[in-house]
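Structural features, examined
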Amino acid sequence: MHSLVRDLARTAKQSGSPVLAVSAGSGQIAEYVVEAGADLLFALNAGLYRSLGHGSLASLLAYGNANEQTEELLRRHILPNAGGLPVVAGVMASDPTIDVDARLAHLRRMGVHGVTNWPTVGFIDGKIREAFEEEGYGLSNEVELLAAARKQGMATFAFVLNVEDIRRFAAVGVDAFIINAGLTPLQFAIGDRRDRLQDSLIHINRMIAALDGAASRPLCLVYGGPFTDVEDFATLFRQVKVDGIAGGSVFERLPVQAITSNFVRRCKTLRLVDPDVEEPGRREMLGRSPAFHDLVRTIERVARFDANVVIEGETGVGKELAASLIHELSPRSKQPFITLNCGAIPSGLLESELFGHERGAFTGADRRRIGKFELANRGTLLLDEIADLSPAAQVALLRVLQQREVVRVGADNPIPLNVRVIAATNRSLAELVEEGKFRSDLYYRLSTVTLNIPPLRERLDDLSVLASDFLQKTAAELGLSGLAIDERFEEDMARHSWPGNIRELRQVISRAAILEDGPVLRGTYFQPDGGRRTAMSAGHASDNALSRRVTIEDIHRAIALAGGNKSVAAASLKISRKTLYAKLDAARQGVTEPVD
Ligand SMILES: Nc1ncnc2c1ncn2[C@@H]1O[C@H](COP(=O)(O)OP(=O)(O)OP(=O)(O)O)[C@@H](O)[C@H]1O
């Protein structure tokens, strides 16, 4: 192994902190990261594209002159700002105009210490990749490039996208691998994000497993993928044995994008002082009714202790928000907050969602999956719609809580756990225990403390604070200004029974802002139910057996009857909004198994 890479590996091992290799697209970024303590600088033509506002993949567009671009980046930006850090340059190995040995010697004279295969044909997929390979512009050139660099005494770093590539580079003894964990997305939904992280960790583990059995393990860095902030990397290092990260956009484009857009958005949602609203610090969870203050006080107390908590309340009252506030205010706040909607998972799959499974554990388990408990280790796990757990799943959950360890489905070894569990439900668990539908031993384990969030109609004092907050947020999102709520509309809202609670209120305000003409919203499209809790909206929502019986046709009919309002439709069917969405999703994907 090249001494440069050996030193990096040794320092990482001794200090316990990851190797950070940064592909900088400008001298300024290079200077900042050197000053901040990065270990290695990469000069890849991708950086130049990023500094022009494009993703790294754009570096393949100008495949033809990639080497000239990299040289320009090196000369003008990276080498003058390297501050003594080792520099690794990308070389496009398939460039027919270069003599590889001469190119490497030239880079060495420039002061470059190592070489990597960038841009790489690995990013090109399907027929085009095949054509490249057939025409002699394929991966073999990249393998030969790194073999030649090794002979010239340069450190070698191989960008790899799959197991096959790893094996080919390992055969020529490269010093380090830069394992691509997928494309770096601009943004994605939160739920999506958790899945992508999980998938990516599995992919990386599989790539690393391909190195098992090598005489000495090369340095392994991770590049790309869904990792977009430090917390994501913390998850990566907790769950995968890698030595560090190599990053471009994650150090450069994503933070700038996030900070700039967040800053502008946050400024837009700032509120001027309203003397009527107490607790100006608690922006996320708003309210001023006595019931709300009681709730917040209890949350603050409960958060400090490690007790398990049950949160009860109708759909849309803010159970998930309350759970996340408990987590944020707790000593676990720097650790993961993971949620699982027990009602949205087909019962047969619930155990593997909670506990994970090994590859081949059952038909269809074509890869290992990390369960929610493991993901939440050292943090908090919110089990939403807990009343929907099947009796078998209740037993399994109880076992995990008692033994404080989890065994992945199909595995032998238990994994020790330290997880705080918060359970949310829109039914009374105590009643379910009495009816024999929920295990009492599990109930007592879960409910050291039970929080009950009252429905919005019982704390109408909160209505105006919430409505004006949603109005400001909607105005900022839609780019509208001067929005206000007419007095009649306010009165109508106060007469409504809010079966979908705060979520419904949010929707009513957004809909009015979008559909109505003037800046003063009159509630033209809002139909209060006069505070009568109709048979449709009364009672608690989900019931395991009931939700199983609700068909997709029932859902479409209820949505139509509710004028498109899914919260109201869910309440009318007595299922939670999340279960309704899950059923809609399942129907869209053609899943025939009932989602309960
Ligand atoms: N006190 C509050 N202040 C501001 N926003 C709130 C408050 N309570 C709830 N919300 C908002 O209302 C919406 C619904 O809240 P949340 O998802 O936490 O409800 P829930 O009780 O978990 O619903 P479900 O039973 O359907 O899972 C969210 O957009 C949340 O941010």
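Up top is the structure.
Quick summary incoming for the structure in this document. The residue count restarts for each chain, going from 1 along the sequence in the order it is written. Note on the predicted model: pLDDT of at least 70 is required for a residue's local features to be given, and 80 or more for side-chain atom pairs to be given and counted; whole-chain, interface and lining totals, by contrast, use all residues. As a rule here, side-chain values come from all non-hydrogen atoms in the structure, and water together with hydrogens is ignored.

The subject of this paragraph is the nonpolar core. Definition used in this section: a nonpolar core is a set of buried Ala, Val, Leu, Ile, Met, Phe, Trp, Tyr and Cys residues joined via side-chain atoms within 4.5 Å. Under the scheme applied here, a residue whose accessible area is under 20% of the maximum for its type counts as buried, over 50% as exposed, and between as partly exposed, the area being computed with a 1.4 Å probe on protein chains only. Counting residues in each nonpolar core, the largest one holds 82 residues, and the members touching the most others are L41, F157 and L236. Contacts are assigned to residue pairs that have any heavy atoms within 4.5 Å of one another. Not counting chain neighbours up to four residues away, the residues in contact with F157 comprise L4, V5, L40, F42, V88, V115, T116, N117, L146, A176 and I178. Listed in part, the 35 residues of the second largest apolar core include C342, L375, L381 and F438.

This part takes up the pairing of strand β3 (residues 87-91). Within a regular strand, the side chains alternate between the two sheet faces. Numbering of helices and strands starts at the N terminus; helices are DSSP runs of H or I of at least 4 residues and strands are runs of E of at least 2. In terms of burial, β3 is largely enclosed, as 5 of its 5 residues are buried. The alternating pattern of β3 places V87, A89 and V91 on one face and V88 and G90 on the opposite face, and all of these are buried. Pairing between strands requires that DSSP locate at least two bridges from one strand to the other. The pairing of strand β2 (residues 40-43) with β3 spans 3 bridges and is classified as parallel. Its bridge partner lying in β3, F42 is registered against V88.

Our next topic: a nonpolar patch on the surface. Only residues whose relative accessible area exceeds 30% and that form no salt bridge enter a patch; like-charged residues are grouped when within 9 Å of one another, and nonpolar side chains (Val, Leu, Ile, Met, Phe, Trp, Tyr) when within 5 Å. Here, Shrake-Rupley sampling with a 1.4 Å probe gives the accessible areas, and only protein chains in the shown set may cover a residue. By definition here, a salt bridge exists when the distance from a side-chain nitrogen of Lys or Arg to a carboxyl oxygen of Asp or Glu is within 4 Å. On the surface, L478, L480, I514, L515 and Y525 cluster together to form a nonpolar patch covering roughly 470 Å² of accessible area. On the basis of relative accessible area, Y525 is assigned to the partly exposed category, the value being 47%.

Attention shifts here to the site of the ligand. Neighbouring the ligand are 20 residues, the closest being L286, T315, K319, L321 and R506. A 3.5 Å cut-off defines polar contacts: any pair of N or O atoms within that distance qualifies, except that in protein one atom must be a possible hydrogen donor and the other a possible acceptor, and neighbouring residues in sequence count only when both atoms are side-chain atoms. In the model, an oxygen atom of the ligand is placed 3.0 Å from a nitrogen or oxygen of the G316 main chain. Relative to its free-state accessible area of 630 Å², the ligand is covered by the protein chains to the extent of 90%. The set of elements that each furnish at least two residues to the shell around the ligand consists of α13 (319-328), α19 (463-478), α21 (501-515) and α25 (577-588). Boundaries of every domain are those given by an automatic assignment or by a domain database. Each of two domains, domain 2 (305-452) and domain 3 (456-521), supplies a minimum of three residues to the shell around the ligand. Note on definitions. A residue lies near a molecule or strand when any single heavy atom of the residue is within 4 Å of it.

Another aspect to go through is the side chain of S428. Structurally, S428 can be placed in the loop between β16 (420-425) and α17 (429-434). Only 3.1 Å separates the side chain of S428 from the backbone nitrogen of E431, close enough to count as a polar contact.

Once that is clear, we can look at helix α24 (residues 566-573). Burial runs high along α24: 6 of the 8 residues are buried. S567, V568, A569, A570, A571 and L573 are the residues of α24 that are buried. Note on α24: the residue one or two positions beyond its end, K574, has a positive phi of about 60°.

A few words on the sheet that holds strand β1 (residues 19-23). The 8 strands lie next to each other as β1-β2-β3-β4-β5-β6-β7-β8, forming a closed barrel whose pairing is parallel. On average, each strand axis in the sheet is tilted by 25° relative to the strand beside it, whichever way the strands run. Angular values range over 0 to 180 degrees, each being the angle between N-to-C directions of two axes fitted as lines to C-alpha atoms, with helices fitted over their stretch in contact.

This brings us to the packing of aromatic side chains. Two aromatic rings, drawn from Phe, Tyr or Trp (for Trp, its six-membered ring), form a pair once their centres lie within 6.5 Å of each other, and the interplanar angle then sorts them: stacked below 30 degrees, edge-to-face above 60, tilted otherwise. By the definition in use, this model includes 11 aromatic pairs. Relative to Y223, the ring of F159 lies with its centre 5.1 Å away and its plane at 85°, an arrangement referred to as edge-to-face. A residue pair is termed long-range when its members are at least 10 positions apart, and F159 in strand β5 (residues 155-160) and Y223 in strand β7 (residues 219-223) qualify at 64 residues. Of the residues examined, F159 reaches a relative accessible area of 2% and is grouped as buried. Among the aromatic side chains, those forming a connected cluster through ring pairs are W118, F123, F159 and Y223.

Locating R378 in the fold gives a position in the loop between α15 (372-375) and β13 (380-384). Among the residues examined, R378 registers a relative accessible area of 43% and is labelled partly exposed. As a C-alpha pair, R378 and K334 span 44 residues in sequence and 9.3 Å in three-dimensional space. Sequence-distant contacts of R378, defined by excluding residues within four places in its chain, comprise R238, R332, Q335 and N418.

A complete count under the given rule lists 18 salt bridges for this structure. R10 is the partner of D7 in a salt bridge, and the nearest nitrogen-oxygen pair spans 3.6 Å. You can see D7 and its partner R10 sitting in helix α1 (residues 3-15), 3 residues apart, about one turn around the helix. Here D7 falls in the partly exposed class, since its relative accessible area comes to 39%. Across the pair R495 and D492 runs a salt bridge, and its minimum N-O distance is 2.7 Å.

Don't take any of this as a statement about function, it's just geometry.
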